[in-house]
Every structure is written in C-alpha cells, then in structure tokens.
Amino acid sequence: MKYLYSSIIFVFCLIVYLQIQYPPVHVNKSLKDQNLNYSTMLYSSYFLANVPYIKTKSTDDLFGDLKKTNGLAFDSKGHIYVVEHSKSQIVKYDEDGVVLNTFKVTDGYPLHIIKSFDSDAMIFTNVTDNSINKLSEHGKITKLYKGYPLDVPVGLTYNAKGLLHVSNYEEKKVFSFKDNKLQYITTLPEADTIVCKAKK
C-alpha cells in the first residue's frame, strides 16, 4: 500500500512538473465532427509568450493580442476560452481565432480554467482572492469558494467521476471540491526531491 501511494504521488508530481515546464496543449476533438484531421491540430497558451496559437502539421497560427495567457479550455461547440491573466479577463474565440466575447474578472486575476464536467460552463481560479469561480454559458461569474485553505490556486482537473480537484501553488497542497467544501487530499513534494531510479 505504501508503494502504491508513493507511485500515485510520483505520477501526480510528474504531471505538475511537465505542465510547469511546457505550455499546456489541447486537442480540439470537436473538429472530428467536421471531417477534419483533428489529431494534427493542437492549441496552446503560453504565459511567457503572451499568445495562444493553433499548431498544424505545416504552420503555427498565432491569434490574439494577449498578455500573460495561461489557462485554455474548449466548450462542446469548439469555442476556445483563454485566460488573459494580466488584463483580468477571459477571452472567448471561435476555432478561427475570432473573438466572440470578453469576460472581465473585476475582483482579481484569473489563472487556470477548465470546462465544467457536465455543462459548457467554465471553472476558473482567481489568485487574488484565492477562489474557485464559475463562468456560465451566458457570461455570469459566480464565486463557488473563496479563501483558506486555498493559497494561490493554479491547477484544476476532474477525475473520472466528475469530482473537481484544485491545487495550490504555495505549499503544493491538493484538495477535492464538492458541495461547496474543500477536502485535503495530499501535499506534493518539491520538484528537487523527486528521484527516478531505473529498475536493474
């Protein structure tokens, strides 16, 4: 059991490490419905480069004049939501990079975003007030949770059963979120404490 727990923690840490080292890349599966080879079209947002881009076999198509892009997510219609951290807003695009809407986050700086498990609403973190927020399909922002023990929440993911998980940048703590309550799951080790050993 101890070995299994250690293995789970290691895999989780590795995923977090790769997301920090490399920009998030997403495949827009809705393109499959348009008889396109969606497996060759990747979408990414890169915090330092300030721009999201579409990558195909032949080209990298940059779109948008954004600052400090970080989170990126798709709804079921193939619309792209990009978090523009330094401007405190979330920008919605169509698949060609045309802006459909801009949603202002008036009480802080958004960072990570993910599509809701059972709808086209978007869930995003706000690192100013340490909160989890919901952006409805109609553009209304609702605060789902705010404050302790969240401390610079930067990571969001769902498990297979639709349970939302959030991770802190500070102290590397991971929580599950259900019924407006957070439950502590684990604390990730520092990156320099992870050691991989090959089996002999």
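Residues numbered from 1 in each chain as written. Predicted model: local features only at pLDDT ≥ 70, side-chain atom pairs only at ≥ 80, totals over all residues. Heavy atoms only, no water.

Undergrad: What exactly am I supposed to notice about the confidence of the model for the chain here?
TA: Note: predicted coordinates in regions of low pLDDT should not be interpreted at a detailed level. Averaged over every residue, the pLDDT of the chain is 75; residues scoring 70 or more account for 62%. Across residues 14-42, where pLDDT falls below 50, the model places 48 contacts with residues more than four positions away in sequence or in other chains. Every residue in residues 54-61 scores below 50 in pLDDT, and together they form 17 contacts with partners more than four places removed in sequence or on other chains. (pLDDT = per-residue confidence, 0-100. Contact = heavy atoms within 4.5 Å.)

Undergrad: Would you take a moment to explain the nonpolar core for this structure?
TA: One finds Ile114, Ile123, Ile132, Tyr145, Leu150, Leu156, Leu164, Val166, Phe175, Phe177 and Leu182 forming the largest nonpolar core, which totals 11 residues. Those elements that provide at least two residues to this core are β14 (164-168) and β15 (173-178). In contact with phenylalanine 175, not counting residues within four places along its chain, are Pro149, Leu150, Leu164, His165, Val166, Asn168, Leu182, Gln183, Tyr184 and Ile185. Residues Ala73, Tyr81, Val83 and Phe124 belong to the second largest nonpolar core, which totals 10 residues. (Core = buried A, V, L, I, M, F, W, Y, C linked by side-chain atoms within 4.5 Å. Buried < 20%, exposed > 50% of the residue type's maximum accessible area, 1.4 Å probe, protein only. Helix = DSSP H or I, 4+ residues; strand = E, 2+ residues; numbered from the N terminus.)

Undergrad: Please clarify how the pairing of strand β13 (residues 153-158) should be interpreted in this entry.
TA: Along any regular strand, the residues point their side chains to alternate faces of the sheet. Relative to β14, β13 is paired through five bridges, and the arrangement is antiparallel. In the sheet register, leucine 156 faces β14, and the bridge partner there is valine 166. (Pairing = 2+ DSSP bridges.)

Undergrad: Hey, could you run me through unusual backbone geometry in this one?
TA: For residues other than glycine, phi is negative in most cases, and the peptide bonds are mostly trans. Between tyrosine 148 and proline 149 the backbone carries a cis peptide bond, its omega angle lying at 10 degrees. With respect to the helices and strands, the residue proline 149 is situated in the loop between β12 (141-146) and β13. Unlike most non-glycine residues, lysine 172 shows phi in positive territory, near 60 degrees. The residue lysine 172 is located in the loop between β14 and β15 in this model. For lysine 172, a relative accessible area of 25% translates into the label partly exposed.

Undergrad: I tried to follow the pattern of salt bridges on my own but got confused; where do I start?
TA: Pairing between side chains becomes possible if they bear opposite charge and their charged atoms approach one another. For the structure shown, the criterion picks out five salt bridges. Across the pair glutamate 84 and lysine 87 runs a salt bridge, and its minimum N-O distance is 3.9 Å. What makes lysine 87 partly exposed here is its relative accessible area of 39%. A salt bridge links aspartate 129 to lysine 143; the nearest nitrogen and oxygen atoms lie 2.9 Å apart. Highlighted residues: aspartate 129 in the loop between β10 (122-126) and β11 (131-135) and lysine 143 in strand β12, separated in sequence by 14 residues. Within this structure, Asp107, Asp129 and Lys143 form a network of salt bridges that share partners. (Salt bridge = Lys/Arg side-chain N within 4 Å of Asp/Glu carboxyl O.)

Undergrad: Before we go on, may I ask you to explain the side chain of serine 176 in this structure?
TA: In this fold, serine 176 is placed in strand β15. With relative accessibility at 7%, the residue serine 176 sits in the buried group. Beyond its immediate sequence surroundings of up to four residues, serine 176 is in contact with Leu163, Leu164, His165, Lys181, Leu182, Gln183 and Ile185.

Undergrad: Is there a simple way to explain the packing of aromatic side chains in this structure?
TA: We describe a pair of aromatic rings using the distance from one ring centre to the other and the angle between the two ring planes. For the structure shown, the criterion picks out four aromatic pairs. Seen in terms of ring centroids, tyrosine 81 and phenylalanine 103 are 6.5 Å apart; in terms of plane orientation they differ by 15 degrees. Their pairing is stacked. Here phenylalanine 103 lies in strand β8 (residues 99-104) and tyrosine 81 lies in strand β6 (residues 80-84), a separation of 22 residues in the sequence. Classification of tyrosine 81 as buried rests on a relative accessible area of 3%. Using a relative accessible area of 9% as the deciding quantity, one classes phenylalanine 103 as buried. An angle of 70 degrees between the planes, with centres 6.0 Å apart, marks the rings of phenylalanine 175 and tyrosine 184 as edge-to-face. The ring of tyrosine 169 carries the charged tip of lysine 172 above its face, separated from the ring centre by 5.0 Å. (Phe/Tyr/Trp six-rings, centres within 6.5 Å; stacked < 30°, edge-to-face > 60°. Lys NZ or Arg CZ within 6 Å of the ring centre and 35° of its normal.)

Undergrad: Could you clarify how one ought to interpret the pairing of β6 in this entry?
TA: Across the five residues that make up β6, a large majority, five, are buried. By the alternation rule, side chains of β6 split into Ile80, Val82 and Glu84 and Tyr81 and Val83, which are all buried. Of the strand pairs in this sheet, strand β5 (residues 69-74) and β6 are connected by four bridges, and their pairing is antiparallel. Each bridged residue has a counterpart across the sheet, and for threonine 69 the counterpart in β6 is glutamate 84. For β6 and strand β7 (residues 89-93), the ladder comprises five bridges, and the chain directions are antiparallel. For valine 83, the partnering residue across the bridge sits in β7 and is isoleucine 90. Here β6 hands over to β7 after four residues, with serine 88 in that stretch at a positive phi of 55 degrees.

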